[in-house]
Amino acid sequence: MQSQHKNKFEWACAIMVTENEFIHEILLLLEKHETDKIETMGVNVQEGRLHLYYNPKFFDSLPDPVLFWVFQHEMYHLVLHHCTKRKPSDPHENDLHNIAADLAINCLIKESLTCKRWESACFPQKFGFETHLSLEKYMELLRKKFPPPPPSQSEPKDGDDKGQNQENPGSSKQQQNSPTSGSALPQPFDDLSGWPDIQLAA
Ligand SMILES: [Zn+2]
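Residues numbered from 1 in each chain as written. Predicted model: local features only at pLDDT ≥ 70, side-chain atom pairs only at ≥ 80, totals over all residues.

## A short note on the sheet that holds strand β3 (residues 49-54)
Sheet strands line up and pair through hydrogen bonds in the backbone, either parallel or antiparallel.
Alright, step 1. Here we have three strands laid out as an open sheet, ordered β1-β3-β2, and mixed in their pairing. Strands with a single pairing partner mark the edges of an open sheet, and in this sheet they are β1 (31-34) and β2 (41-46). For this sheet, the mean inter-axis angle between neighbouring strands, taken without regard to orientation, is 25°.
Alright, step 2. Those strands touched by helix α4 (residues 64-79) are β2 and β3, and its axis lies near 25° from that of β2. (Pairing = 2+ DSSP bridges. Helix = DSSP H or I, 4+ residues; strand = E, 2+ residues; numbered from the N terminus. Axes fitted to C-alpha atoms, helices over the stretch in contact; angles between N-to-C directions. Contact = placed C-beta atoms within 7 Å.)

## A short note on the environment of E111
Alright, step 1. On the secondary structure map, E111 appears in the loop between α5 (94-106) and α6 (124-127).
Alright, step 2. Residues E111 and V66, 45 residues apart in the sequence, show an inter-C-alpha distance of 9.6 Å.
Alright, step 3. Ignoring anything within four residues of it in the chain, the contact list for E111 reads K116 and R117.

## Some details on the packing of helix α2 (residues 21-29) against α4
Alright, step 1. Contact geometry for α2 and α4: axes closest at 10 Å, N-to-C directions at 75°. Of the possible angle classes, the one that applies to α2 and α4 is roughly perpendicular. Residue-level contacts link I23, I26 and L27 of α2 to F71, Q72, M75, L78 and V79 of α4.
Alright, step 2. Within the contact of α2 with α4, the residues separate by chemical class into seven nonpolar, one polar and no charged. (Parallel < 35°, antiparallel > 145°, perpendicular 65-115°, else oblique. Nonpolar A, V, L, I, M, F, W, Y, C, P; charged D, E, K, R; others polar.)

## What about unusual backbone geometry?
Keep in mind that most residues, glycine aside, have a negative phi and that most peptide bonds are trans.
Alright, step 1. One non-glycine residue with positive phi stands out, namely E47, at about 50°.
Alright, step 2. If you trace the backbone, E47 turns up in the loop between β2 and β3.
Alright, step 3. Judged by the 5 C-beta atoms lying within 10 Å of it, E47 is exposed.
Alright, step 4. In this structure, H81 is a non-glycine residue whose phi angle is positive, near 65°. (Buried ≥ 20, exposed ≤ 12 C-beta atoms within 10 Å, placed from the backbone.)

## Structural notes on the confidence of the model for the chain
If pLDDT is low for a region, its predicted coordinates should not be looked at in detail.
Alright, step 1. On average, residues of the chain score 79 in pLDDT, and 74% of them are at 70 or above.
Alright, step 2. Mean pLDDT values for the elements of the chain range from 38 in helix α9 (residues 173-176) up to 95 in α4.
Alright, step 3. Predicted confidence is poor over residues 159-182, with pLDDT under 50, and the contacts of this stretch with residues over four places away or in other chains come to 31 contacts.
Alright, step 4. Considering only residues more than four positions removed or in separate chains, one finds that residues 196-202, a stretch of pLDDT under 50, has 13 contacts. (pLDDT = per-residue confidence, 0-100.)

## As for helix α7 (residues 135-145)
Alright, step 1. All buried positions along α7 are accounted for by Y138, M139 and L142. Buried residues of α7 fall within an arc of 105° about the axis and therefore sit on the same side. Of the exposed residues in α7, the ones pointing more than 90 degrees away from its buried face are E136, E140 and K144.
Alright, step 2. On its buried face, α7 sits against α5. (Arc of directions from axis to C-beta.)

## Concerning the environment of N20
Alright, step 1. With respect to the element layout, N20 can be found in the loop between α1 (2-15) and α2.
Alright, step 2. Among the residues examined, N20 registers 20 C-beta atoms within 10 Å and is labelled buried.

Shown next, in the form of structure tokens:
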């Protein structure tokens, strides 16, 4: 079963050459891992190696033109250094950074008959933001729209919440999803903070 998904996934990466050769070339460089530990698809960089993780159910659910759009989305995260030197210095801003990166990227992907956006992704219009801004500018806008909760409510007691501050993709979600701003921060469909615990899941 798993090899069936892998074969189809490799085929999709190969056929991407007809859609976007640049993206295709980057896809070839990736170590690809099938896993059910994430819901969708995502990339990270570990020890200088590029990794792409995907949930086979998510992969199977996408029509080819949407899959090609998602491939481009993920490769842009890599080429724009969202997983490396442009990662946020404050891990509490991981979710904000992920969304800002998605907003910036999703303005760059050109749609066509064979490349259709995944409608569940984040787009500037959904937030009332201008299109085609930088990741940094979207971070500024998101900070204003989704201010963090007051420190007295968000700080864990006695530091017993250690382990939340490193590359732990699930760690900052509750904090950033505070209802204090009136509306919760939506989730990006991929998380660039890394899934470091997944390792070579396949
Ligand atoms: Zn993304």
